[in-house]
Amino acid sequence: MSAVQAVTPFETIRTPDAASRPVKIHTVAVKVTYGQKEALHGVSIDIPEKAVTAFIGPSGCGKSTFLRCINRMNDTIAGARVEGTIKLDDQNIYDPDLDVVELRARVGMVFQKPNPFPKSIFDNVAYGPRIHGLARSKADLEEIVVTSLQKASLFNEVKDRLNEPGTGLSGGQQQRLCIARAIAVSPEVILMDEPCSALDPIATAKVEELIDELRANFTIVIVTHSMQQAARVSQRTAFFHLGHLIEEGPTDHVFTNPLEQRTQDYITGRFG
Amino acid sequence: MTEAASRLPVSRLGGPEVRAISRIDIGLRRRYAAERRFRAYGLAAVTIALCFLLALFGSIVGKGYTAFQQTRIAMMVDFDASIIAPDGDRSPAAVLSGNAFRFDDLIAASLQKTLELDPDDEDGLYDGLDLLSKGSAPMLRSMIAKDPSLIGTKRSVDFYATGDVDSFVKGTIRADIPESQRLIKDKHIALIDKLEKDGALHLAFNTGLFTNGASTRPEMAGVGVALVGSLYMMLVVLVLSLPLGVAGSIYLEEFAPKNRWTDLIEVNINNLAAVPSIVYGLLGLAVFINFAHLPRSASLVGGLVLTLTTLPTIIIATRAALKAVPPSIREAGLGVGASKMQTVFHHVLPLAMPGVLTGTIIGLAHALGETAPLLMIGMKAFIVEYPTTPLDPATALPTQIYMWATEPERAFTERTSAAIIVLLAFLLAMNSLAIILRRAFERRW
Ligand SMILES: Nc1ncnc2c1ncn2[C@@H]1O[C@H](COP(=O)(O)OP(=O)(O)O)[C@@H](O)[C@H]1O
Ligand SMILES: [Mg+2]
């Protein structure tokens, strides 16, 4: 089957979950253009609640672009235009009445390169709760910080140096600090854009373990370059190629029994 | 096969590879030579710059350091109540009014006693008075007005010697040139020697240099008014240009859409930074003085004009500092749900602050030394009184230097250099403050 034929007209191949999960994010025909260039050609996908969904695909296929639509981070890029529908719990997030700041409190994000604020570890985690008014008192705030750090499996490592700068931690610790910072505002969804690509294998293993734990309370969408990582942490996998969502389905199904030629080529390492 | 190749012990290296190896060798040697050469150029450049700097400082300090000391003549003054307050009124107002010559009488009396002159020796008295600054009587009067309890007592008072006597004592007017060409005559020299021997004539630290205003008599002239004027101007510049510049840069860098209009604004800000400062002086004259009718020679107007010259510098530096803040910090802020403004003010601006401060201080330092625009708005007036507000007439350090540099007296020459030293010290203090502030902000990383 030749790739050119499959691109136009286009139909995503979908395999439903065996155990049906409630849908958290529902998107229909999401198109993104940067200036004149269309980077996403219409992506429709349902992302299940309290599960990990992995986006895989070769570089430049639009994974990050799509991820950044979900918390409207693309709004900050001059010349980026988003079309289509994205619903979070049946609420259209591109509704003009919706407050972007509130949306970003509900949909947190962890970036490729750990980017803690150049402030203390405590202030890094406390910043979100402070600006969203989540803590009534100092004790409240401290509790939020401690539980967030605990949930991010970082507390034991930093409990003696909460007042030291977050930038002084190791790469893996910094990334977990960023996860703690995202958790601190009690989001419903956490978006992670290649969160382990700047980390060593041990730090990666820790973050993966953490993602697995977080799945109980949060809906997680993770972009990853590593097929093994997608296979280890996710329940559903979506394969992107050249701005199209080619195939999506339960992770074990996509990896063991891909229905699309390009999916198979990609996961067997024939391109990417 | 080349010669080099045949010398190589390992035979499995083929011809082309061998050539490649020898070529890399030459390249390396050349590269190191180039590097050494470049370092030598750099070192030479730094050395030359240092030499010039040393020569500059050497000549200024060499000419100016003597101005920090001044020749004084200590004389016992009898604050005779019958002369100072003939009608018995000892109030400051009464001291300041009335016959001004009565203070000259006091000085003459104490001079006669100090020089042990015959009361009838008028020539001797006048020769002695030649040594004293013409500002001595006013000085005595204001001294008494400030402290009327002096009346009726006897006190030793340090009088200023004239600028010429001062120059003679410091050796800038030499005794070995013919008397007819000398400002200090032989009879004066005799008196100076006598006073010196008695211990009445001595060198003291010249506080007046820092506290006095303008004067035609060099021994009474100081940079006090100019210092206050410059300080007021720096405050005006800081208060106006820092918030305006930073706000403008933040808007342009973080909020403004990138389109043709903002491009045009950017180009023009860069152009404004290159506009000669005298043009800003003309602008200030037209707008602030002729149109807005602000007072001439006021430090407020000077500050406004210097704000105009400084703003482009601050904007350019601030925008560069904002641009240097990694975008990941902005993403982090937005990602946890901070608004754009919160992100900028909580995270981006604090990180840009060292750069902003550096730019501001460079701008202020330029403004402090700026002379041409101040001449245009009349800040080179003869001002004796301290300005109490920025609306009062004042001078500035660079214009004071300019004015003194045009005076012929020897004593003004050394004061010109001394004023330059004061200006440089002011600059150095500002730069040190900048470094301290920058360190304080940098530690937040
Ligand atoms: N800020 C941007 N401006 C213009 N083009 C962009 C921008 N970000 C991404 N793109 C383009 O969009 C396409 C998808 O990029 P991206 O979503 O980053 O891919 P991925 O994350 O899958 O590697 C790429 O072709 C990229 O060049
Ligand atoms: Mg990406």
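About the criteria used
Residues numbered from 1 in each chain as written. Chains lettered and ligands numbered in written order. Predicted model: local features only at pLDDT ≥ 70, side-chain atom pairs only at ≥ 80, totals over all residues. Heavy atoms only, no water. Phe/Tyr/Trp six-rings, centres within 6.5 Å; stacked < 30°, edge-to-face > 60°. Helix = DSSP H or I, 4+ residues; strand = E, 2+ residues; numbered from the N terminus. Buried < 20%, exposed > 50% of the residue type's maximum accessible area, 1.4 Å probe, protein only. Lys NZ or Arg CZ within 6 Å of the ring centre and 35° of its normal. Near = heavy atom within 4 Å. Polar contact = N/O pair within 3.5 Å; in protein donor to acceptor, adjacent residues only side chain to side chain. Areas by Shrake-Rupley, 256 points an atom, 1.4 Å probe, with all protein chains shown as cover. UniProt positions renumbered as here; feature names shortened; annotations may be inferred. Pairing = 2+ DSSP bridges. Contact = heavy atoms within 4.5 Å. Axes fitted to C-alpha atoms, helices over the stretch in contact; angles between N-to-C directions. Domains from an automatic or database assignment. Salt bridge = Lys/Arg side-chain N within 4 Å of Asp/Glu carboxyl O. Buried area = accessible area lost by both parts, 1.4 Å probe. Parallel < 35°, antiparallel > 145°, perpendicular 65-115°, else oblique. Nonpolar A, V, L, I, M, F, W, Y, C, P; charged D, E, K, R; others polar.

Take the packing of aromatic side chains next. Applying the stated criterion to the full structure yields eight aromatic pairs over all chains. Between A:Phe55 and A:Phe66, the ring centres sit 5.5 Å apart and the planes meet at 35°, which makes this aromatic pair tilted. Of the two residues, A:Phe55 sits in strand 4 (residues 52-56) while A:Phe66 sits in helix 2 (residues 63-70), which places them eleven residues apart along the sequence. Judged by its relative accessible area of 0%, A:Phe66 is buried. Between the NZ or CZ atom of A:Arg72 and the centre of the ring of A:Tyr94, over which it lies, the distance is 4.9 Å. Between the NZ or CZ atom of B:Lys340 and the centre of the ring of B:Phe255, over which it lies, the distance is 5.8 Å.

Attention shifts here to the site of ligand 1. Residues and elements named next belong to chain A. Taken together, Tyr34, Lys37, Ala39, Ser59, Gly60, Cys61, Gly62, Lys63, Ser64, Thr65 and Ile77 make up the full set of residues near ligand 1. Within the contact set of ligand 1, an oxygen atom lies 2.7 Å away from a side-chain nitrogen or oxygen of Lys37. A distance of 2.5 Å separates an oxygen atom of ligand 1 from a polar side-chain atom of Ser64. Here ligand 1 loses 62% of its free accessible area of 560 Å² to cover by the protein chains.

So, about the UniProt feature "transmembrane region" (unreviewed entry) in chain B. The sites that UniProt annotates as "transmembrane region" (unreviewed entry) are residues 38-61, 231-252, 272-294, 300-322, 348-369 and 418-437 of chain B. Secondary structure across residues 38-61 of chain B comprises 100% helix and 0% strand; the distance between its end C-alpha atoms is 34 Å.

Within this structure's numbering, the places UniProt gives as "domain: ABC transmembrane type-1" (unreviewed entry) are residues 227-434 of chain B. Taken end to end, residues 227-434 of chain B is 77% helix and 0% strand, and its first and last C-alpha atoms sit 20 Å apart.

Residues and elements named next belong to chain A. Strand order in the open sheet made by the four strands is 3-2-5-6, with antiparallel pairing throughout. Looking at strand neighbours, the two that pair on one side only are strand 3 (37-48) and strand 6 (91-92), the edges of this open sheet. Pairing between strand 2 (residues 23-34) and strand 3: nine bridges, direction antiparallel. Bridging from a neighbouring strand, Tyr34 pairs with Lys37 of strand 3. Strands strand 2, strand 3 and strand 5 (80-88) of the sheet are contacted by helix 2, whose axis makes an angle of about 120° with strand 2.

Attention now goes to the domain arrangement of chain B. Per the domain assignment, the segments of chain B are domain 1 (73-204) and domain 2 (224-441). Averaged C-alpha coordinates put domain 1 of chain B and domain 2 of chain B at centres separated by 45 Å.

Attention shifts here to the pattern of salt bridges. All names here are of chain A. Tallied over the full model, the rule gives 29 salt bridges over all chains. Linking Lys24 and Glu49 is a salt bridge whose minimum nitrogen-to-oxygen distance equals 4.0 Å. Here Lys24 is found in strand 2, whereas its partner Glu49 is found in the loop between strand 3 and strand 4, with 25 residues between them in sequence. Since its relative accessible area comes to 5%, Lys24 is described here as buried.

Counting residues at the interface gives 22 residues for chain A, matched by 17 residues for chain B. Both faces combined, the contact of chain A with chain B buries some 1600 Å², and carbon together with sulfur accounts for 62% of it. Contact with chain B buries surface across chain A, with A:Phe117, A:Pro118 and A:Tyr127 losing the most and accounting together for 31% of the total. Here chain A and chain B share one salt bridge between them. For B:Glu331, the salt bridge identified is with A:Arg68, shortest N-O distance 3.1 Å. Put simply, chain A and chain B have six residue pairs in polar contact (both at pLDDT 80 or more) between them. When residues of the side of chain A that touches chain B are traced back to their parent elements, those giving at least two are helix 3 (100-106), strand 7 (107-110) and helix 4 (121-132) of chain A.

Another point: the environment of A:Gln175. Residues and elements named next belong to chain A. Structurally, Gln175 is set in helix 7 (residues 171-183). Residue classification places Gln175 among the buried positions, given a relative accessible area of 0%. Taking C-alpha positions, Gln175 is 8.4 Å from Phe111, a pair spaced 64 residues apart along the chain. Dropping the residues within four chain positions of it, Gln175 is found in contact with Val110, Phe111, Gln112, Lys113, Pro114, Pro195 and Leu199. A distance of 2.8 Å separates a polar atom in the side chain of Gln175 from the backbone oxygen of Pro195.

Below, the discussion takes up the packing of helix 8 (residues 163-170) of chain B against helix 19 (residues 410-442) of chain B. All names here are of chain B. Where helix 8 contacts helix 19, the axes come no closer than 8 Å and their chain directions differ by 75°. Considered as vectors, helix 8 and helix 19 are oriented roughly perpendicular to each other. Facing Gly163, Asp166, Ser167 and Lys170 of helix 8, the residues of helix 19 in contact are Arg410, Ala411 and Glu414. For the contact of helix 8 with helix 19, the residue count by class is one nonpolar, two polar and four charged.

Turning to the sheet that holds strand 10 (residues 236-241) of chain A, a few remarks are in order. Residues and elements named next belong to chain A. Taken together, seven strands build an open sheet; the order of strands is 1-11-10-4-9-8-7 and the sheet is mixed. Edge positions in the sheet fall to strand 1 (13-14) and strand 7, since each has one partner strand and no second. The pairing of strand 10 with strand 11 (residues 244-250) spans six bridges and is classified as antiparallel. When the bridges of strand 11 are listed, Ala238 appears paired with Glu248. Together, strand 4, strand 7, strand 8 (189-193), strand 9 (219-223) and strand 10 form the strand contacts of helix 2, whose direction differs from that of strand 8 by roughly 155°. Packed on one face of the sheet, helix 7 meets strand 7 and strand 8 and runs near 170° to strand 7.

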